[in-house]
Amino acid sequence: MHVPTLIARKREGEELSTGEIRQLIEGYTTGEIPDYQMSAFAMAVYFRGMTAVETAALTKAMMASGDCFSHRAGHPPVVDKHSTGGIGDKVSLILAPLVACAGCWVPMVSGRGLGITGGTLDKLESIPGFNVRISLDTAAAQLDRLGVVMMGQTDRFCPADKKLYSLRDVTGTVPSIALITASIMSKKLSETLDRLVLDVKYGTGAFMRTKKDAETLAAGMVAVGREMGVEVTALLHPMSEPTGRAVGNALEVIEALECLDGRGPADLRQVTLDLSEAIAGVPRAELERMLDDGTARRKFDELVATQGGKPEDLPRLAEIHRAPVIREVHAPASGVVGKVDAGMIGQAALQLGAGRAKASDGVDFAVGFDRLVKTGDEIRHGQPLCRIHARNAVDFDMAEAMVERAIRLRD
Ligand code: URA
């Protein structure tokens, strides 16, 4: 296979064969095909798209690049949810332990920050010691004992997505329906699931800007999943304002803990319950009870302890990750909050250091936003619109200017 020719054919909008796509992914996974050729290929796919047959072939090739979970006989329902990415979306941190409490197994394989959206793995790593790089054998044993595991792609498990995901993050090739479908569904199919719910976001803070594009993405992912024997449902959610009131790695874990303690913002609790209900196989009231009486929180603490963290660190996360500059932004006038632009807030969080500019970059766990106002909140002149957590005063000023553009008040 001559890779430059293959890239050029995709650039010209040709349909590639299943065999060509498989060889490309195999070559990229083994390192034979370098990042620069894969970047060019991803950009060609971004502009030209892929047919349904090509997208399915890419998904299967990426799944076949590594091992898959093989659950023991007599296992309980194996379920999961995956989001197409949003701002302040910390639902996975709550849903995974909650649904495990309902008697399901949740082998959740997640990603890092992608574009302006945060990543579950980065958020989990803000818990000191939390290890997301675990082997499939360790994960399987943990699943049997605890019912939940939260991990990342490894060199053995979804290795093609591991490489391509971080490449797309820094090459402007994230918002492609084919690449998102293959990335998400290759991970989920490797988990060998019975049921999957997809949280497909649309709006300024999502990769799909319109509901119509989100519907197309959802339909494609559902089709690939069903073809592989998984019961898949997709729920569409707008991402015009951030989920909850916190954006940033440790700040989002703190808010997720509030929700796990039966508190936290109403929109976060609602979307978590909607998605959990779609897969857990128990009534919503039961899920609510497990959030309110500490059952889900205890499972999260056990998860943290099992994966190398210390539950006693959780109440201290704000001290552990304290940004040097923490200051409020004040309302310039009185009014009702008409808009909190998720895309702008996500971009500001990225520039504060919550995401990456190069694949080799680390993320700053401490920076971001909390106490963000929500659409419909009534605000008086001078009251806080949010708190910015920044590395220095220059970054604070940059984020403040972006917040002033992101939040609109009406009379
Ligand atoms: N989540 C993923 O795992 N992959 C994507 O491409 C987008 C969201």
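Coordinates for the structure precede this section.
This structure is a prediction, so every number in the text was calculated from the model and none was measured.

Q: How would you sum up the pairing of strand S4 (residues 195-202)? Please name residues and give values.
A: Most of S4 is tucked away: eight of the eight residues are buried. Here S4 shows no split at all, with Arg 195, Val 197, Asp 199 and Lys 201 on one side and Leu 196, Leu 198, Val 200 and Tyr 202 on the other all buried. Relative to S4, strand S1 (residues 79-83) runs parallel, the two sharing five bridges. Residue pairing in the sheet places Ser 83 in a bridge with Asp 199 of S4. Relative to strand S5 (residues 231-238), S4 runs parallel, the two sharing eight bridges. Looking at S5, one finds that Tyr 202 is bridged to Pro 238.

Q: For the nonpolar core, give the residues involved together with the corresponding values.
A: Val 99, Val 106, Ile 127, Val 148, Met 150, Leu 287 and Phe 300 are the most contacted members of the largest nonpolar core, which has 43 residues in total. Those elements giving two or more residues to this core turn out to be helix H5 (91-101), strand S2 (106-110), helix H6 (120-125), strand S3 (148-152), helix H11 (249-260), helix H12 (266-280), helix H13 (284-292) and helix H14 (295-306). A per-element tally of this core places H5 first, with eight residues. In contact with Leu 287, other than residues within four places in its own chain, are Leu 98, Ala 102, Leu 273, Ser 276, Glu 277, Ala 280 and Val 282. Leu 114, Ala 139, Phe 157 and Val 224 belong to the second-largest nonpolar core, a separate cluster that totals 35 residues.

Q: Explain empty space enclosed by the protein to me, and be specific about the residues and the numbers.
A: In this structure the tally under the stated criterion is two cavities of 30 Å³ or more. In this model, the largest cavity occupies a volume close to 290 Å³. As for the largest cavity, its lining consists of 26 residues, of which His 82, Ser 83, Gly 85, Gly 118 and Tyr 165 are closest to the centre. Ranked by residue count, the leading element in the lining of the largest cavity is helix H9 (residues 177-190), at four residues.

Q: Quick rundown of the packing of helix H7 (residues 136-146) against H14? Include the residues and the values.
A: At a minimum axis separation of 12 Å, H7 and H14 run at an interaxial angle of 150°. If you check the angle between H7 and H14, you find them roughly antiparallel. Considering the relative orientation of H7 and H14, their crossing is right-handed. Contacts from Gln 142, Arg 145 and Leu 146 of H7 reach H14 at Lys 299, Glu 302, Leu 303 and Thr 306. Of the residues belonging to the contact of H7 with H14, the class tally is two nonpolar, two polar and three charged.

Q: Which residues make up the side chain of Lys 299, and what values do they have?
A: Within the element layout of this structure, Lys 299 appears in helix H14. In this structure, Lys 299 is in contact with Pro 97, Ala 100, Cys 101, Leu 146 and Val 148, ignoring residues within four places of it in sequence.

Q: Give me the pairing of strand S7 (residues 335-340): which residues, what numbers.
A: In terms of strand pairing, S7 meets strand S9 (residues 378-379) through two bridges, oriented antiparallel. When the sheet's bridge partners are listed, Gly 335 is paired in S9 with Ile 379. Two strands pair when backbone bridges link them, and S7 and strand S11 (residues 407-410) are joined in this way by four bridges, in the antiparallel orientation. When the bridges of S11 are listed, Val 337 appears paired with Leu 409.

Q: Explain the sheet that holds S7 to me, and be specific about the residues and the numbers.
A: Across the sheet, three strands lie side by side as S9-S7-S11; this open sheet has antiparallel pairing. The sheet is open, and its two borders are formed by S9 and S11, each paired with just one other strand. Against the sheet, helix H17 (residues 393-406) engages S7 and S11, with an angle of about 40° to S11.

Q: Would you mind going over the state of the cysteines in detail, with residue names and values included?
A: Counted by the stated rule, this structure contains zero disulfides. This cysteine, Cys 101, is not joined by any disulfide, and Cys 104 carries the nearest cysteine sulfur, 10 Å off. Cysteine Cys 158 remains unbridged, with the sulfur of Cys 68 as its closest cysteine sulfur at 7.3 Å.

Q: How would you sum up the pattern of salt bridges? Please name residues and give values.
A: Within the structure shown, the criterion is met by 33 salt bridges. Of the charged contacts in the structure, one is a salt bridge between Asp 199 and Lys 201, with a shortest N-O distance of 2.9 Å. Taking relative accessible area as the criterion, Asp 199 reaches 0% and is therefore assigned buried. A salt bridge links Lys 374 to Glu 241, with the nearest nitrogen and oxygen atoms 3.6 Å apart. Of this pair, Lys 374 sits in the loop between strand S8 (368-370) and S9 while Glu 241 sits in the loop between S5 and H11, and the two are 133 residues apart along the sequence. It is possible to trace a salt-bridge network through shared partners that takes in Arg 112, Asp 122, Glu 125, Arg 133 and Arg 356.

Definitions and limits used
Sequence order as written defines the numbering, with residues in each chain counted from 1. Thresholds applied to this predicted model are a pLDDT of at least 70 for local features of residues and 80 or more for the giving and counting of side-chain atom pairs; totals over whole chains, interfaces and linings are not thresholded and use all residues. Excluded from the side-chain calculation are hydrogens and water; included are all heavy atoms of the structure. Partly exposed describes any residue whose relative accessible area lies between the buried limit of under 20% and the exposed limit of over 50%, with all areas from a 1.4 Å probe on protein chains only and scaled to the type maximum. Under the scheme used here, helices are H or I runs from DSSP no shorter than 4 residues and strands are E runs no shorter than 2 residues, and both carry numbers assigned from the N terminus. A pair of strands is treated as paired once DSSP finds two or more bridges between them. Here, the term nonpolar core denotes a set of buried Ala, Val, Leu, Ile, Met, Phe, Trp, Tyr and Cys residues that are joined through side-chain atoms within 4.5 Å. Throughout, a residue-residue contact means that at least one pair of heavy atoms, one from each residue, lies within 4.5 Å. A cavity here means a set of points on a 1 Å grid, drawn over the protein atoms and nothing else, where a 1.4 Å probe fits but cannot get out; a pocket is an open set with protein on both sides within 12 Å along at least five of seven lines, and a residue lines either one if it has an atom within 4 Å of a point. Grid points are joined across faces, edges and corners, and a volume is the space filled by probe spheres set on the points. Every angle, taken between N-to-C directions, lies between 0 and 180 degrees, and every axis is a line fitted to C-alpha atoms, over only the stretch in contact when it is a helix. Note on angle classes: values under 35 degrees are labelled roughly parallel, values over 145 roughly antiparallel, values of 65 to 115 roughly perpendicular, and the remainder oblique. If you view the pair so one helix is near and one far, a crossing is left-handed when the near helix is turned anticlockwise from the far one by less than a right angle, and right-handed when it is turned clockwise. Under the grouping applied here, Gly and all other residues not named as nonpolar or charged are polar, the nonpolar ones being Ala, Val, Leu, Ile, Met, Phe, Trp, Tyr, Cys and Pro and the charged ones Asp, Glu, Lys and Arg. For this text, the term disulfide refers to a pair of cysteine sulfurs within 2.5 Å. What makes a salt bridge here is a side-chain nitrogen of Lys or Arg within 4 Å of a carboxyl oxygen of Asp or Glu, nothing more.

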